[in-house]
Amino acid sequence: MSTTLIGPFRQLLPLTGLPERGAIADEQLLVIPEGGVLVAAGKIVAVGKWQDLRQQYPTAVLEEVAGDQVLLPGLVDAHTHICFAGSRAQDFAARNAGKSYLEMAQAGGGIWSTVQHTRATSQDALTALTRARLDRLLANGVTTVEIKSGYGLNVVEELKLLHAIEAAADQHQVAVVPTCLAAHLVPKDFGGPPEAYLQYLLDELVPVIEQEGYCRRFDIFIEQSAFPAAVARPYLLALKERGFALTVHGDQFTTGGSQVAIDCGALSVDHLEVSGEREIAQLANSQVIPVALPGATIGLGCAFAPARRLLNAGCALAIASDWNPGSAPQGNLLLQAAVLATFEKLTTAEVFAGITQRAARALGLTDRGMLATGCRADLVAFPTNDYREILYQQGSLVPSRVWCEGG
Ligand code: NIG
Ligand code: FE
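Residues numbered from 1 in each chain as written. Chains lettered and ligands numbered in written order. Predicted model: local features only at pLDDT ≥ 70, side-chain atom pairs only at ≥ 80, totals over all residues. Heavy atoms only, no water.

1. Some remarks on the environment of L62
Reasoning step 1: Its location among the elements puts L62 in strand 4 (residues 61–64).
Reasoning step 2: Note: C-alpha distance between L62 and P8 (54 residues apart in sequence) is 9.9 Å. (Helix = DSSP H or I, 4+ residues; strand = E, 2+ residues; numbered from the N terminus.)

Right under this line is the structure:
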């Protein structure tokens, strides 16, 4: 088996040995000077000092990098909605001129307007749009990305989105984790209450997904204007019983979602902008990973999720971009995580863990997000000699090279 030795990197941060949950001090970050990574068959074989690895593996093919480079594990974006068509620039302008997100939805904008654009777009065109967004994510260092459906909102259209996501994934290096978000909103053309729509999904969409294996995860938007907590709970429990992994959009405008996520054994609850002491304490007592979405805060101009307090309480906070056409149109995870760090006072170690291994765990993945033997060789190099530059430059320091499974 051919092995490749990649390096030398001025600094290599394996992000190993960090606590699985709770606050992390920067002193806990291991920094290997003049480091290298040995890779075979897409997996990491060894991590260490370049010179030591050269001596231990004299037959390895050398892939030498030039100049100042800092290496991190590839980034994981655990929450996106990048399979969509159209723009909501009009909503954005109107919100900035004083309208609220929910008012815009009621006035014919919002998620429903993206559903109409997306339904009117062919599967192939959606695949191309999604692929182009994957290109952007990869250029920014993201090597694993979760992509939700949720702009189809009936059986045929949701399957079209899941097919488009699958096709984009097949054509791309980035690892894609698909999630069904058919429970994003009750579509205006359904003509029934939320509980009837969810029953329709359970009866007609879920069996097809189950049979064809289009995804292993389901999400729901828990909110009065979408699916109230009491209605969401039996839907999630039914999915859990069928063996699907769960994630929840919760506590974005009103509380209630995080409680349902805990009760139903979800992997993660994402948003949390309005979570208070009660929700934070409950999350800290659970296995659910809270996911902050600073891109939605920046897009809507609302509060950030209480990231500092969640970490202090002992949660394994992850950070994701929520890239979508409505609340989070920007899509730059690193920029958003760096901004969250300044407002919420997060250490570099907490941010790095939140966009790598803790984000991977929010997706149920333990084979990535750190540079350790046996992990996927997903790597991102930044053109600097000091890892602190990465957040300091707030997304402006663009990776010099990204490797997915070593290539
Ligand atoms: O995560 N909150 C619900 N869903 C998305 C927004 C989707 C949209 O506005 O198109 C979110 O913010
Ligand atoms: Fe979202």
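2. A few points about the site of ligand 1
Reasoning step 1: Of all residues adjacent to ligand 1, which total 15 residues, the nearest are R88, Y101, Y151, Q252 and S327.
Reasoning step 2: Within the contact set of ligand 1, a nitrogen atom lies 2.8 Å away from a side-chain nitrogen or oxygen of Q252.
Reasoning step 3: Summarising the interface, the protein chains cover 100% of the accessible area of ligand 1, which totals 330 Å² for the free molecule.
Reasoning step 4: Here the residues of the shell around ligand 1 sort into 4 nonpolar, 9 polar and 2 charged. (Near = heavy atom within 4 Å. Polar contact = N/O pair within 3.5 Å; in protein donor to acceptor, adjacent residues only side chain to side chain. Areas by Shrake-Rupley, 256 points an atom, 1.4 Å probe, with all protein chains shown as cover. Nonpolar A, V, L, I, M, F, W, Y, C, P; charged D, E, K, R; others polar.)

3. Considering the packing of aromatic side chains
Reasoning step 1: On inspection of all chains with the given rule, the structure shows 9 aromatic pairs.
Reasoning step 2: Ring geometry for F9 versus W403: centroids 6.1 Å apart, planes at 85 degrees, classification edge-to-face. Residue F9 is found in strand 1 (residues 4–12), and its partner W403 is found in strand 15 (residues 401–403); the two are separated by 394 residues along the sequence.
Reasoning step 3: Under the relative-accessibility criterion, F9 is labelled buried at 0%. (Phe/Tyr/Trp six-rings, centres within 6.5 Å; stacked < 30°, edge-to-face > 60°. Buried < 20%, exposed > 50% of the residue type's maximum accessible area, 1.4 Å probe, protein only.)

4. With respect to the side chain of E223
Reasoning step 1: Checked against the element boundaries, E223 lands in the loop between strand 9 (217–221) and helix 8 (229–241).
Reasoning step 2: Other than its neighbours up to four places away in sequence, E223 contacts P228, Q252, F253 and T254. (Contact = heavy atoms within 4.5 Å.)

5. Focus: the environment of Q69
Reasoning step 1: Counting through the fold element by element, Q69 comes out in the loop between strand 4 and strand 5 (70–73).
Reasoning step 2: In this structure the C-alpha to C-alpha distance between Q69 and D124, which are 55 residues apart in sequence, comes to 38 Å.
Reasoning step 3: For Q69, the residues in contact, after removing those within four places along its chain, are F9, R10, Q11, A381, F382, P383, T384 and S400.

6. Overview of the domain arrangement of the protein
Reasoning step 1: Domain parsing of the protein yields domain 1 (4–73 + 369–403) and domain 2 (76–362).
Reasoning step 2: Between the C-alpha centres of domain 1 and domain 2 the distance comes to 30 Å.
Reasoning step 3: Counting residues at the interface gives 30 residues for domain 1 and 33 residues for domain 2.
Reasoning step 4: In this assembly, domain 1 packs against domain 2 so that about 2500 Å² is buried in total across both faces, 60% of it on carbon and sulfur atoms.
Reasoning step 5: Put simply, domain 1 and domain 2 have 1 salt bridge between them. (Domains from an automatic or database assignment. Buried area = accessible area lost by both parts, 1.4 Å probe. Salt bridge = Lys/Arg side-chain N within 4 Å of Asp/Glu carboxyl O.)

7. Thoughts on the side chain of E146
Reasoning step 1: Topologically, E146 is positioned in strand 7 (residues 142–148).
Reasoning step 2: E146 sits in the buried class, given a relative accessible area of 0%.
Reasoning step 3: Engagement of the side chain of E146 in a polar contact is seen with the side chain of K148, the distance being 2.7 Å.

8. Here we look at the sheet that holds strand 7
Reasoning step 1: Taken in spatial order, the 8 strands make up an open sheet running 6-7-8-9-10-11-12-13, and their pairing is parallel. Looking along the sheet, the strands with just one partner apiece sit at the ends: strand 6 (75–77) and strand 13 (318–319).
Reasoning step 2: Both strand 9 and strand 10 (residues 245–250) contribute to a ladder of 5 bridges, which runs parallel. Looking across to strand 10, one finds that F218 is bridged to L246.
Reasoning step 3: Each of strand 8 (175–183) and strand 9 touches helix 7 (residues 194–212); the most contacted strand, strand 8, lies at about 145 degrees to it.
Reasoning step 4: Contacts between helix 8 and the sheet are confined to strand 8, strand 9 and strand 10, with strand 9 contributing the most and set at about 180 degrees to the helix. (Pairing = 2+ DSSP bridges. Axes fitted to C-alpha atoms, helices over the stretch in contact; angles between N-to-C directions.)

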